[in-house]
Every structure is written in C-alpha cells, then in structure tokens.
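Survey of secondary and tertiary structure
Here is how the chains run, residue by residue.
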Amino acid sequence: MAQVSGKAMVELINVDKSYGDNKVVKNLNLQIQEGEFLTMLGPSGCGKTTTLRMIAGFEDVTAGEIVIEGENVVNKPPYQRNVNTVFQNYALFPHMNVYDNIAFGLTEKKVNKEEIRQRVGEMLLLVQMNGYEKRMPSQMSGGQKQRVAIARALVNRPKVLLLDEPLGALDLKLRKQMQVELKHLQRQLGITFVYVTHDQEESLTMSDRIAVMHNGLLEQIGPPDKIYNQPATKFVADFIGESNILEASVGSVAGDKLTVIFETGGAEVNATGFKQDEMVYISVRPEKLKCSAESVPGFNLRGTVKEHIYVGSISKTIIELPNGQDLKMSLLTGTPLLPQGETVWVYWEKADTVVLHTQEETLYNFIEQVPKIGVSV
Amino acid sequence: MTSTTTATTVLSSKASTPKKQMPLTQFVPLLLMVGPVVLWLLIFVAAPLMYIFVISFMKKGIYGGVVISFNFQNYLRIFDPLYLRIFLVSIIIATATTLLCLILGYPFAYIIARASDRNKNILLSLIMLPFWTNSLIRTYGWIILLRTNGTFNTLLASANLISHPLQMLYTNGAVMVGMVYTLFPFMVLPLYSSIEKLDHCLLEAANDLGANQRRAFLRVTLPLTVPGIFAGCIQVFIPTLGYFFISDLLGGGNSILVGNLIRNQFLAARDWPFGAALSILLIVFTIVLMRVNKHFGGSLENIT
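Residues numbered from 1 in each chain as written. Chains lettered and ligands numbered in written order. Predicted model: local features only at pLDDT ≥ 70, side-chain atom pairs only at ≥ 80, totals over all residues. Heavy atoms only, no water.

Within an unreviewed UniProt entry, the label attached to chain B reads Polyamine transporter subunit membrane component of ABC superfamily, and the organism entered is Candidatus Desulfosporosinus infrequens. The record held by UniProt for chain B lists under Sequence similarities (unreviewed entry) the comment "Belongs to the binding-protein-dependent transport system permease family. CysTW subfamily." Word for word, the UniProt comment on chain B under Subcellular location (unreviewed entry) is "Cell membrane". (UniProt positions renumbered as here; feature names shortened; annotations may be inferred.)

Chain A has the name Spermidine/putrescine import ATP-binding protein PotA in an unreviewed UniProt entry, where Candidatus Desulfosporosinus infrequens is given as its organism. Listed in UniProt under the heading Sequence similarities (unreviewed entry), the comment for chain A reads: "Belongs to the ABC transporter superfamily. Spermidine/putrescine importer (TC 3.A.1.11.1) family." For chain A, the Subunit (unreviewed entry) comment in UniProt is given as "The complex is composed of two ATP-binding proteins (PotA), two transmembrane proteins (PotB and PotC) and a solute-binding protein (PotD)."

Structure, rendered in structure tokens:
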C-alpha cells in the first residue's frame, strides 16, 4: 500500500490564469504530495478544470510556476510532461480498438511490441477489461469506456494522473462503484492522483485531501473530515454537505467562550479569534441540530416545525425561525417526529458550532436589521 | 380523425402492414406532397437515363439518328486503343487534379475549421463566392490570364523573366489549372466538415499520451478525416472526367477528355448510340467509386 511520502510531487506557485480581463485562477499556491489523492472541488467556473489543464499543459499559465518533480514545466508541451490525463468525455480514439487505444502512449515512446503487449494486458486486467481488446469505443458502455480511458493513461506509468470529472457521465450506482475502484487503484499503484469534481460527496469519499476552490481562489485545503467539520469559510461550509448558516454578531468574549446574537435569538459557543461586535456566520450541520420543548441553557433560539421530508435513511425536519429563515435538522428515519406547527427551542452541542468570519458586504444588510428586534441571551 | 390516430396508423402501416389500404384522407395529401417530385424525377432523370441506356445498344443511322437494333458494338468500340488512350489521359488528369486539390485543400480546410467563428464565415464565403458567377465565364477569365499575350506572359516579360511568351493556354497544364480552380470548393467543403467534426479533445489526448503535433496529426486527425478526404476526392475526380467545357476552352483541340469525347459523339459525330455507351460507362464508373467511398467509411451524405 502506498503512503503519502510528504515529498511534493506537483507544486503550483503563485499561479494566475486569465482569459482577457477574466481572471479564472488567482494566485494559486498548492502542493500535491507524492502518492496523494488530491481532489479539487468547486462549482463549475471555479477554475478547478483550468488548473488541471495547466498542470497537464493544455493551458498556459498567465503567471507563476508549475513544478513537477522539482522541475518547472510551464514551458513544456503536454507530450513532454510526465503526467497523463483521464478526460471527462473519455476522449478515446474512435478509429482504434481498445488495445490500440491503450497502446497509443507506448507506441509513441517506441516501446518494443512484446513489452507493449504485456503492459496493455496487465492494464486490461487491472481495469477488468480483459477480453475486450478488439472492441471499438462505439461498442462500449460509458463505464467500459471510462475503464479503458483510465488504462490508457495508467499504462504510461505517469508520476501524476490527472482526472477531469471522469465519472460525471456515469449513472449514480456505477459512479459509486467506480469511486471505490479508483480509490483502490490509487492505493494499489501509489500514483499521485489529482482529481477534479464538483461532487462534494465524491470528494469526501475518495480523497486524502480536498482543495476547495471558488471564483478562482483556493478557499481551503485539508483532509475530508477537517473540511467537513471545520470549514474555514462560509462557502466551504455551504458547499460541502448541508449546513445551517446563521448570521450573527459577537455579543461578548470571555476566553474561548463567545456569546453570539442572531436576528431572532442568541447562543453561547466555543471559539477563539473573534472580537466583540464582530459580524460572524454560525454554521451547524443538520445532523448536529437538536430541538426540545423546553429552553436549553446557553441557547435562545425558537422556531416552528414547518415540515418533514423523508429522504430514505434519514428524515429532515424543517424548522422556521421567526424571521423566516429555515433550519434543517436531520434525524435517522424512525426517530419520533415533532408535530407540525409546534414551537420548539433549537440547540446543539457547543463543540459542533463553526464560527466563521464574514466579509464586509454581507455584514452591511445585517447591521441595518439588528436594531429592529430586541434580542437578549 | 384525430392527429394521434393518424400518427399511429402511419407508424403501424410502415412497420407491419404495408399492404393495408391507406384511407383517402391520408393518401390525397401524400400524393400532393410527394407526387410532383416523383413526377419530376421520372420525367427528367429516370426517363432520359433509360433512353440513354436503351440507345447505347442500338446502331447509328447513316445520316445521324438511331437505328433500332440490339448489339454490344458500341461497348466493344470503347476498347479501341484510340478511346482507351482518351480514358487513360482523362484518368491521369483527373487523378492529378484531385491530388492537387487535396494537397491545397486540406491545409485550407484545416485553417477554416480551426478559425474563430467570425473568420470561419469569412473564409467559407470566400470559398463559396465564385459559385455566384457562371463557371463558363470564370473559365474564360483564365484564357485572358493564360493566353500568349495575356496577363501572366505580360507580367513575366515586363519582369524580364522570359524573352518569348510561354505557351500556357491550350496545354494539359492549363486544363488542370482550370479544373483545380473550378473544383477546389468541392474538395474543401467535405474536408472542412469532417475536420470540424473532429473533437479537439482527441488531439489533447494524443498530446497527453506523448504525441507531438505532427504525430497527433498523423495518428488521429488524418485517419479520422479519411471520410472527408474520400468524399472530396470523389467530388473532384468525377466532374473532372465530365467537365468538357474546361478542356475545350483551356485545352483547345489538344486535350480530349472523356467528357469531350461524349460531347463530340452527340453533337459533332452525331453518333448517339456510341455517346450513350460512353455515358453509361462513366455512370457505372461513378457508381463504383461511390461504393468504394462508402466501403471506406465515407457516407453518401458527405458527397451530396
């Protein structure tokens, strides 16, 4: 089993990319370790695919350096970089059968026929496509094409495998299966994987580390559990999993104890690095949210049970706050549900609170609203 | 009758019961829509072709005209070395024209296909523009350029590159220039459409797998545009055999191609049966070429 060695395999240093006036990647700094499964996650247009294409060499960088194995490759064409790509639409050569598709890279490197035959055979076994050598791409399903595309890249034994939303076109069940297989493959081969996706669940399943991108900026990078449990920004909290995000101002600070004031209530939370009167976001995961018929010490947040939504293994209860904001609470299906229309007190464990700094523009609206409602904690 | 039931009856009658009587409410509109086209094709395409086919087995009358009989004499006459030579020269000129069009047309089509949308439209209209003028008139234009005291000779002489005017008009070379000029768009358009269809991602994949631009072209672009190459070649090759007016005007009497031969049989020699046999041979040759094209992955849609 491969280990993440701590040695940087790919390094992006102050990378900028613009199309005309449109900056799509802004001052990106990223280190990808040898043997690591790194996922670049973000909504479409966040710059993740552009970043991947810059590493592959299909796009030039506007500024900055891309270092692969200690060598700056920004001036090297794709065919001189020791990386291979699995494309979103597979990009199999339609006029070649499976064998020739996989052998393409080796033929270009003038590997002898016997070795090509052996290595292509190994790859077909690895992706469980043995026996399909003579098939043409048009005769295969999406999942099979995907396997061939992966084999075609891996047969070259690249230092880094770049995957551009490779599972995007597959149905949910096949996607889940391929996620596990890909993860397995990466562990088995010990190759550095850089994986681009907009599917946050996929990124949590597969990655050693996730780099969350938004509007060309790297918002946060870290292991999946850290990204999920300790989101660094409102965007990350919102994008990864579901979050209840409440705007608040800091009432008082005492050590790591913070009193926050919501528009319609307040709470005591544990956090450091915040000043009194600062505007913050409070983020709580739906599965951490609880409610009770009586008020809970440290919390002053009331709401009305609006509706229940059944989603299989869990059920979601929507609780409406007096200001109209909905909070989502998820419970395991089978847990007794609160009657609709009932007024409840909302609370959560202090440790489950994430307090985030706000930006100026979101602050402004809120300050205007605060004085209208008398709040006490 | 509602539209839904009409649709289902049409579908089912197509699929399973073709013999079922079609109700009059469907038959009359169908006849009105398809009838004129069928009639047109029957009168102006099928009937003349049948006529040509039939008289190709007949005999020429003493004063022109056709004598009703049945023999293969006209077809056997084609194997006369005189005519075989004309066929050979025609095929050589057609092949050379086709290759020239391909060599010039491929880069041109590639540039158009990879150009920005705005430039693409400009370049495509440049290709289409000459179609707006009669090709006969455009061929006369070439006479002015190529003749002994024409534009090219005057220019070359004033640049002191030649002392005597070059014989450019009335040569096989002039015929080829005219053919390439006239048929160039027929090569570029199918090439353009097949290059444009090519997914750019495939070239990136080739680059990614270690192929430089040249190798990627040879291993991906070229094989994937073979249908376009075939379509373009056929669209140039076949008309070259038949465009008699170009070899008439630019080749003078020196260049007799199959097209001229056929024209001469009908108009000058008044030997319609032999002309008809030559035409039928050309048609058969064309059909064979189209089958070959289809066999190599081209579709007839690319040609027509």
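Next comes the rest of the description.
Below, the discussion takes up helix H12 (residues 244-251) of chain B. Residues and elements named next belong to chain B. Judged by how many residues are buried, H12 sits mostly within the fold: six of eight residues are covered. The complete set of buried residues in H12 reads Phe245, Ile246, Ser247, Leu249, Leu250 and Gly251. Residues of H12 that are buried in the fold lie against helix H6 (135-146), helix H8 (172-197) and helix H13 (258-267). Of the residues flanking the end of H12, it is glycine 252, one or two places downstream, whose phi is positive at about 60 degrees. (Buried < 20%, exposed > 50% of the residue type's maximum accessible area, 1.4 Å probe, protein only. Helix = DSSP H or I, 4+ residues; strand = E, 2+ residues; numbered from the N terminus. Contact = heavy atoms within 4.5 Å.)

Time to look at the sheet that holds strand E3 (residues 37-41) of chain A. Residues and elements named next belong to chain A. Taken together, the six strands give an open sheet; going across it, the order is E6-E7-E8-E3-E9-E10, and neighbouring strands pair in mixed fashion. Whereas interior strands pair on both sides, the edge strands pair on one side only; in this sheet they are strand E6 (83-86) and strand E10 (217-222). Strand-to-strand twist across the sheet, computed as the mean angle between neighbouring axes with direction ignored, equals 20 degrees. Bridging between E6 and strand E7 (residues 160-164) involves four bridges; their strand directions are parallel. Among the inter-strand pairings, valine 86 is bridged to a residue of E7, identified as leucine 163. (Pairing = 2+ DSSP bridges. Axes fitted to C-alpha atoms, helices over the stretch in contact; angles between N-to-C directions.)

All names here are of chain A. If you walk through the whole model with that rule in mind, you get 26 salt bridges over all chains. Between glutamate 242 and lysine 316 there is a salt bridge, with its nearest N and O atoms 2.8 Å apart. Of this pair, glutamate 242 sits in the loop between helix H8 (234-239) and strand E11 (244-254) while lysine 316 sits in strand E17 (residues 314-320), and the two are 74 residues apart along the sequence. For glutamate 242, a relative accessible area of 29% translates into the label partly exposed. (Salt bridge = Lys/Arg side-chain N within 4 Å of Asp/Glu carboxyl O.)

Our next topic: the packing of aromatic side chains. Residues and elements named next belong to chain B. For the coordinates displayed, the defined rule picks out 22 aromatic pairs over all chains. Relative to phenylalanine 217, the ring of tyrosine 106 lies with its centre 5.7 Å away and its plane at 90 degrees, an arrangement referred to as edge-to-face. Remark: phenylalanine 217 occurs in helix H10 (residues 213-224) and tyrosine 106 occurs in helix H4 (residues 81-114); sequence separation between them is 111 residues. Overall, the relative accessible area of 8% leaves tyrosine 106 in the buried class. Here the aromatic rings of phenylalanine 131 and phenylalanine 186 are separated by 5.5 Å at their centres, their planes lie at 80 degrees, and the arrangement is edge-to-face. Placement of the pair is phenylalanine 131 in the loop between helix H5 (117-128) and H6 and phenylalanine 186 in helix H8, with a sequence separation of 55 residues. (Phe/Tyr/Trp six-rings, centres within 6.5 Å; stacked < 30°, edge-to-face > 60°.)

It is worth spelling out the interface of chain B and chain A at this point. Contacts between the two partners involve 18 residues from chain B, matched on the other side by 22 residues from chain A. For chain B, the biggest contributors to the area lost against chain A are Asp208, Leu209 and Arg219 of chain B; these three give 41% of the whole. Between the two partners, chain B and chain A, sit three salt bridges. Counting across the chain B and chain A interface gives nine residue pairs in polar contact (both at pLDDT 80 or more). Contributing elements (two or more residues each) for the side of chain B that touches chain A: helix H9 (200-208) and H10 of chain B. For the side of chain B that touches chain A, the leading source of residues is H9 of chain B, giving seven residues. Classifying every residue of the side of chain B that touches chain A by side-chain character gives nine nonpolar, four polar and five charged. (Buried area = accessible area lost by both parts, 1.4 Å probe. Polar contact = N/O pair within 3.5 Å; in protein donor to acceptor, adjacent residues only side chain to side chain. Nonpolar A, V, L, I, M, F, W, Y, C, P; charged D, E, K, R; others polar.)

Residue and element names in this part refer to chain A. Positive phi, close to 50 degrees, is recorded for alanine 91, a residue that is not glycine. Its location among the elements puts alanine 91 in the loop between E6 and helix H2 (98-108). For lysine 110, which is not glycine, the phi dihedral falls at a positive 60 degrees. With respect to the helices, strands and loops of the structure, lysine 110 is situated in the loop between H2 and helix H3 (113-126).

Another point: the domain arrangement of chain A. All names here are of chain A. Domain boundaries in chain A define domain 1 (8-235) and domain 2 (242-366). Averaged C-alpha coordinates put domain 1 and domain 2 at centres separated by 38 Å. Across the contact, seven residues belong to domain 1 and six residues belong to domain 2. Summed over both partners, the interface of domain 1 with domain 2 comes to about 640 Å²; 58% of that surface belongs to carbon and sulfur atoms. On the domain 1 side of the interface with domain 2, the three residues burying the most area are Tyr228, Pro231 and Lys234, jointly 82% of the side's total. At the surface where domain 1 touches domain 2, the tally comes to zero salt bridges. (Domains from an automatic or database assignment.)

With that out of the way, let us pick up the sheet that holds strand E5 (residues 71-72) of chain A. Each strand in a sheet pairs with another by means of backbone hydrogen bonds, the pair being arranged parallel or else antiparallel. Residues and elements named next belong to chain A. The strand order across the open sheet built from four strands is E2-E1-E4-E5, with neighbouring strands paired in antiparallel fashion. On the outer flanks of this sheet lie strand E2 (22-33) and E5, each paired with one strand and no other. Pairing of strand E1 (residues 8-19) with E2 involves eight bridges; the strand directions are antiparallel. Looking across to E2, one finds that valine 10 is bridged to isoleucine 32. Here helix H1 (residues 48-56) sits on the sheet and contacts E1, E2 and strand E4 (63-68); the angle it forms with E1, its principal contact strand, is near 120 degrees.

Using a probe with the size of a water molecule, rolled over the atoms, empty space left in the structure can be pinpointed. Residues and elements named next belong to chain A. Evaluated as defined, the whole model comprises two cavities of 30 Å³ or more. A volume near 40 Å³ is recorded for the largest cavity. If you trace the largest cavity, you find it lined by Leu52, Arg53, Ala56, Phe58, Thr85, Phe87 and Asp164. For the lining of the largest cavity, the element with the most residues is H1, which contributes three residues. (1 Å grid on protein atoms, 1.4 Å probe; cavity = no way out; pocket = protein on both sides within 12 Å on 5 of 7 lines; lining within 4 Å. Points joined across faces, edges and corners; volume = space filled by probe spheres on them.)

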